[in-house]
Amino acid sequence: IVLVTGVQTCALPIFTTFEVKKPSSSNYSLRIHSPAITMVDKMKVYVHGSCRNVDGQYPVAVSTAVFTHESGTHKAWTRIVPAHPTPTRQRADLMAIVLALEKAMVDDGRLYTKRAVDLNIYSGSLYAVKSLTDWADRWIYNGWIGTDGREVDNKDLIKRALQVEGMLMDGGSVRYTCLPKEEKTEANTYCEHALNLWMGGFPVGWEWEWPRNGRQM
């Protein structure tokens, strides 16, 4: 399994503004303000990452992104987190956001006919959300060195997320909302089902879209 690496640092444009609300709302917004847009593709995505240890020896992890529609229908994708670097829950949560951003770019080819995307991503990981909002600018400015003097963990996934995010925000917007830990979504359910399939020996690829009529494979 190969994960795209070596992504160059994505320096955010000088006209980017961060709109961060107080923790009481747990909503973190990162968006670009641009001239009036006449056609906007609105998307709401719930993401989740899960990690388990196999026989107490090595971890396995999966990430899921669920695109929901006002009609109640949804589309869901799951991606296996590569074995190297060692999978963790934090990597799985970040990978889930990367998956959502990448699928938003190519979803049914709609972005080829619409001028902008209004993407709302909901995650239960405060770490993943803050990595792409509160902390990102500081890490970029410091050359991806954290306050402890060490290289930022999971830099590869954070940089990939920022890269795709920048493409989507070319006239559009991306918002992140951190959900309460106790709140479970369809993304949680798909992740657990994926882990059960994989650890049960079911042959799965490194990424797949779930059937529209449920979680049957």
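All of the points below concern the structure found in this document. What you see is a predicted model; the values in this text were computed from it and never measured.

Parameters and conventions
- Residues numbered from 1 in each chain as written.
- Predicted model: local features only at pLDDT ≥ 70, side-chain atom pairs only at ≥ 80, totals over all residues.
- Heavy atoms only, no water.
- Buried < 20%, exposed > 50% of the residue type's maximum accessible area, 1.4 Å probe, protein only.
- Helix = DSSP H or I, 4+ residues; strand = E, 2+ residues; numbered from the N terminus.
- Pairing = 2+ DSSP bridges.
- Axes fitted to C-alpha atoms, helices over the stretch in contact; angles between N-to-C directions.
- Parallel < 35°, antiparallel > 145°, perpendicular 65-115°, else oblique.
- Left-handed = near helix turned anticlockwise from the far one by under 90°.
- Contact = heavy atoms within 4.5 Å.
- Salt bridge = Lys/Arg side-chain N within 4 Å of Asp/Glu carboxyl O.

**Quick look at the pairing of strand β5 (residues 74–80)**
Stage number 1. Taken across its 7 residues, β5 has 6 buried, putting it largely inside the fold.
Stage number 2. Joining the antiparallel neighbours strand β4 (residues 58–68) and β5 is a turn of 5 residues, in which G72 adopts a positive phi near 100°.
Stage number 3. Here β5 pairs with strand β8 (residues 207–209) via 3 bridges, running antiparallel. Bridged to T78 within β8 is W208.

**Topic: the packing of helix α1 (residues 89–106) against helix α4 (residues 155–168)**
Stage number 1. Contact pair α1 / α4: the axes reach a minimum separation of 9 Å and the direction vectors enclose 25°. It follows from the interaxial angle that α1 and α4 lie roughly parallel. Between α1 and α4 lies a crossing whose hand is left-handed. Mapping the contact onto sequence places R91, L94, M95, V98, L101, E102, A104 and M105 in α1 and D156, L157, I158, R160, A161, V164, E165, M167 and L168 in α4.

**Digging into the pattern of salt bridges**
Stage number 1. Evaluation of the coordinates by the stated rule reveals 11 salt bridges.
Stage number 2. Measuring nitrogen to oxygen at the nearest pair gives 2.8 Å for the salt bridge that ties R52 to E192. Residue R52 is found in strand β3 (residues 40–54), and its partner E192 is found in helix α5 (residues 186–199); the two are separated by 140 residues along the sequence.
Stage number 3. The partly exposed category is assigned to R52, whose relative accessible area is 24%.
Stage number 4. Across the pair D148 and R150 runs a salt bridge whose closest N-O atoms are separated by 3.0 Å.

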